[in-house]
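Letter by letter, the chains look like this.
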Amino acid sequence: MAFPEDVLTEDEHVVLHLHPHWKALLRPILVLVLAVAAVVAGWLLLPDGDGGTIALYAIAALGLALVCWLGLWPFLVWRTTHYLFTDERVLLQEGVFSRNRRDLPLTRINDHSMHQRFLERLLGCGTLTIESAGERGQSVLNDVPHVDRVQTRLYELVEAHHDKHSLGDGEMREILADMRDGKPLRDPSV
């Protein structure tokens with residue numbers, strides 16, 4: 001499922017759109033391979049006749065149930081989990097049947113940190129924790145691919161957003177001088 005573009009504001013631009021790291025798909029692939037191997041082994045090794053056929057159907061049914069439960073479901077969770085970084089906010093969305101979405105405006109992000117275990121360093125992923133001002137405080141993004149680059153990009157986005165929406169020293173001096181001289185205030189962004 002693609003992330004719906006209609007949740008973005010008119011002037012908002014997507015900088016990064018990520019799903020959790022592909023390592024989340026290793027177990028589903030392993031379950032699928034093992035289920036197919038079990039069915040093939042049952043077909044080759046079980047005796048001909050009604051007993052062998054019933055056992056083969058039971059193995060196939062069990063394999064199908066395991067593939068759906070331990071293979072298809074984790075794939076759907078992976079596919080419907082989105083980490084979206086824009087020039088205005090960070091959007092976190094997850095959910096297969098129901099949907100949970102959290103928006104973290106860049107102006108409210110206080111801190112962000114990353115953590116990588118040894119295996120995650122080898123695979124190029126990790127956990128990104130974003131601290132924001134608000135009731136819920138921390139948002140933890142697990143299995144973020146290239147987490148070190150994502151954290152750096154998030155820092156750049158927060159700083160660029162801050163610079164875009166704040167006055168520089170020169171602009172502030174100009175406004176104060178205008179106020180002192182009795183000139184009407186003008187919009188500094190013009």
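So, here is what we can say about the structure in this document. Quick caveat: nothing in here was measured; it's all calculated off a predicted structure. (Residues numbered from 1 in each chain as written. Predicted model: local features only at pLDDT ≥ 70, side-chain atom pairs only at ≥ 80, totals over all residues. Heavy atoms only, no water.)

Within the protein one finds five helices and seven strands. For the protein, the α and β elements follow one another from N to C terminus as β-α-α-β-β-β-β-α-β-β-α-α. In the protein, which comprises 190 residues, the proportion classed as buried is 33%. Taking as baseline every contact in the protein between residues at least 6 positions apart, the subset at least 24 positions apart corresponds to 53%. When the accessible surface of the protein is summed, it comes to about 12,700 Å², and 60% of that surface belongs to carbon and sulfur atoms. (Helix = DSSP H or I, 4+ residues; strand = E, 2+ residues; numbered from the N terminus. Buried < 20%, exposed > 50% of the residue type's maximum accessible area, 1.4 Å probe, protein only. Contact = heavy atoms within 4.5 Å. Areas by Shrake-Rupley, 256 points an atom, 1.4 Å probe, with all protein chains shown as cover.)

In the sheet, strand β3 (residues 89-94) pairs with strand β4 (residues 100-105) via six bridges, with the strands oriented antiparallel. Paired with L91 across the two strands is D103, which belongs to β4. With antiparallel pairing between neighbouring strands as the criterion, β3 and β4 make up a hairpin whose turn holds five residues, including G95 at a positive phi of roughly 130°. (Pairing = 2+ DSSP bridges.)

Before going further, it helps to spend a moment on the sheet that holds strand β5 (residues 109-115). Taken in spatial order, the three strands of this open sheet run β5-β6-β7, and their pairing is antiparallel. Each of the sheet's edge strands pairs with one partner strand only, and the pair in question is β5 and β7 (138-145). Averaged over all neighbouring strand pairs, the angle between strand axes comes to 20°, with direction disregarded. Judged from the six bridges that link them, strand β6 (residues 125-132) and β7 form a sheet pairing that is antiparallel. (Axes fitted to C-alpha atoms, helices over the stretch in contact; angles between N-to-C directions.)

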